[in-house]
Amino acid sequence: MLATSLGDDGALLCPLEPWQAEEFLAHLDRGREFIGRYVGLPDIVTDLESSRSYLRSYAEKAAADTGRIYGIRTEEGLVGGVLFRTMDVAQGTAEAGCWLEPSAVGRGLVTRAARVIIDWAVEERGIHRVEWVAAAANRASIAVARRLGMTREGVLRESYLYRGERYDMEVWSVLAPEWRAARRSGAVPGPSGGVPEGPGAA
């Protein structure tokens, strides 16, 4: 599977695979404290073996068509990623998520990458509903949901126990007809203003 352009700045969306475990670990080490404020990924991936195991779990999900993981690359290398944590093609539902190291914040990379994978899920895999669940305190993630044209459906009060603290979780979603209408109107543009290629495109 090849890379997908995220725009004129040279950023790319690429699959993350088990053989990239060392690079993935180094990337998380650079942003461990920042990423770990609201996302449990740095607590799961702590060494090379856990890095390999985590990426292997997503390779297995991809093979079973129940999830996907992609890295965001810039000229600095791997700086973040987006994923479908869950994906139920029969039900037409998926939950998307993201992470980013601090050096890459403020460039719109997550929003552009999420547009690509949502477009692929809707148009290529027939997904009807894409969810985005974020801690209410994670304003950056919620801003991405807004930019993606998602609707805030509600708050799961103190539903997420993380590092000894309970967090309210906001649930956002976009439905396939809404996504297509927003794309036609230009309200949710592709990475370069047009319709993006799917995650597996060159």
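Student: Where do I start with helix α5 (residues 139–147) in this structure?
Tutor: In an α-helix, one turn spans 3.6 residues; hence positions three or four apart end up facing the same way. What α5 keeps buried is the set S141, I142, V144 and A145. Viewed end-on, α5 has its buried residues packed into an arc of 150 degrees, placing them on one side of the element. Where α5 is buried, its residues touch β5 (93–100), α4 (109–125), β6 (129–135) and β8 (165–175). Among the residues trailing α5, G149 stands out with phi positive, at a value near 80 degrees.

Student: Help me out: how do you make sense of the state of the cysteines in this one?
Tutor: Note on terminology: a disulfide is the covalent bond linking the sulfur atoms of two cysteines. Scanning all chains against the criterion turns up 0 disulfides. Not part of a disulfide, C98 finds its nearest cysteine sulfur in C14, a span of 17 Å.

Student: Where do I start with the pairing of strand β4 (residues 77–88) in this structure?
Tutor: A regular strand carries its side chains on alternate faces of the sheet. A large share of β4 lies buried, amounting to 9 of its 12 residues. For strand β3 (residues 68–74) and β4, the ladder comprises 7 bridges, and the chain directions are antiparallel. Across the sheet, the residue bridging to Y70 is V82, located in β4. Connecting β3 to the antiparallel partner β4 that follows it, the hairpin turn spans 2 residues. Of the pairings in the sheet, the one linking β4 to β5 comprises 8 bridges and is antiparallel in character. Following the sheet pairing, L83 is matched in β5 by G97. Taking the residues that link successive antiparallel strands as the turn, the β4-β5 hairpin has 4 residues, and the phi of G92 there is positive, at about 75 degrees.

Student: Hey, could you run me through the packing of helix α1 (residues 21–35) against helix α3 (residues 48–64) in this one?
Tutor: The relative placement of two packed helices is expressed as an angle between their axes plus a distance between the axes. Remark: α1 packs on α3, axes separated minimally by 8 Å, with the N-to-C direction vectors making an angle of 110 degrees. Accordingly, the angle class assigned to the pair α1 and α3 is roughly perpendicular. From α1, A21, E22, F24 and L25 reach across to α3, where they touch L48, S51, R52, Y54 and L55.

Student: Just to check I follow, could you spell out the packing of α4 against helix α6 (residues 176–185) for this structure?
Tutor: Where α4 contacts α6, the axes come no closer than 10 Å and their chain directions differ by 120 degrees. With respect to their mutual orientation, α4 and α6 come out oblique. Considering how the two elements wind past one another, α4 and α6 form a crossing that is left-handed. Residues R115, I118, D119, V122 and E123 of α4 lie in contact with α6, whose contacting residues are A176, W179, R180 and R183. Here the residues of the contact of α4 with α6 are counted per class, giving 4 nonpolar, no polar and 5 charged.

Student: Just to check I follow, could you spell out the nonpolar core for this structure?
Tutor: Looking at soluble globular proteins, one finds that nonpolar side chains tend to be buried together. With 39 residues, the main nonpolar core has L13, I72, V82, F84, W132 and M150 as its most contacted residues. With 10 residues, the single largest contributor to this core is α4. With 15 residues, the next largest nonpolar core counts I35, Y54, I69 and L83 among its residues.

Student: Is there a simple way to explain the environment of R183 in this structure?
Tutor: By the element assignment, R183 lies in helix α6. The spacing of R183 and D119 is 64 residues in sequence and 9.2 Å in space, taken between C-alpha atoms.

Student: Explain unusual backbone geometry here, please?
Tutor: For residues besides glycine, phi is generally negative; the peptide bonds are generally trans as well. Positive phi outside glycine occurs at D65, with the angle close to 60 degrees. Within the secondary structure, D65 sits in the loop between α3 and β3. With a relative accessible area of 18%, D65 lands in the buried category. You will see that R163, though not glycine, has its phi angle at about 55 degrees, which is positive. Mapped onto the elements, R163 comes out in the loop between β7 (151–162) and β8. For R163, a relative accessible area of 54% translates into the label exposed.

Student: It is not clear to me how the sheet that holds β7 should be interpreted in this structure. Could you clarify?
Tutor: Strand pairs in the sheet, formed through backbone hydrogen bonds, run parallel or antiparallel to each other. Ordered by their spatial adjacency, 8 strands build an open sheet running β1-β2-β3-β4-β5-β6-β8-β7, and the pairing between neighbours is mixed. In this open sheet, the two strands that pair with only one neighbour each are β1 (4–5) and β7. Relative to β3, α3 is tilted by about 120 degrees, and along the sheet it contacts β3 and β4. Together, β1, β2 (12–15), β3, β4, β5 and β6 form the strand contacts of α4, whose direction differs from that of β4 by roughly 35 degrees.

Cut-offs and rules
- Residues numbered from 1 in each chain as written.
- Predicted model: local features only at pLDDT ≥ 70, side-chain atom pairs only at ≥ 80, totals over all residues.
- Heavy atoms only, no water.
- Buried < 20%, exposed > 50% of the residue type's maximum accessible area, 1.4 Å probe, protein only.
- Helix = DSSP H or I, 4+ residues; strand = E, 2+ residues; numbered from the N terminus.
- Arc of directions from axis to C-beta.
- Contact = heavy atoms within 4.5 Å.
- Disulfide = S-S within 2.5 Å.
- Pairing = 2+ DSSP bridges.
- Axes fitted to C-alpha atoms, helices over the stretch in contact; angles between N-to-C directions.
- Parallel < 35°, antiparallel > 145°, perpendicular 65-115°, else oblique.
- Left-handed = near helix turned anticlockwise from the far one by under 90°.
- Nonpolar A, V, L, I, M, F, W, Y, C, P; charged D, E, K, R; others polar.
- Core = buried A, V, L, I, M, F, W, Y, C linked by side-chain atoms within 4.5 Å.

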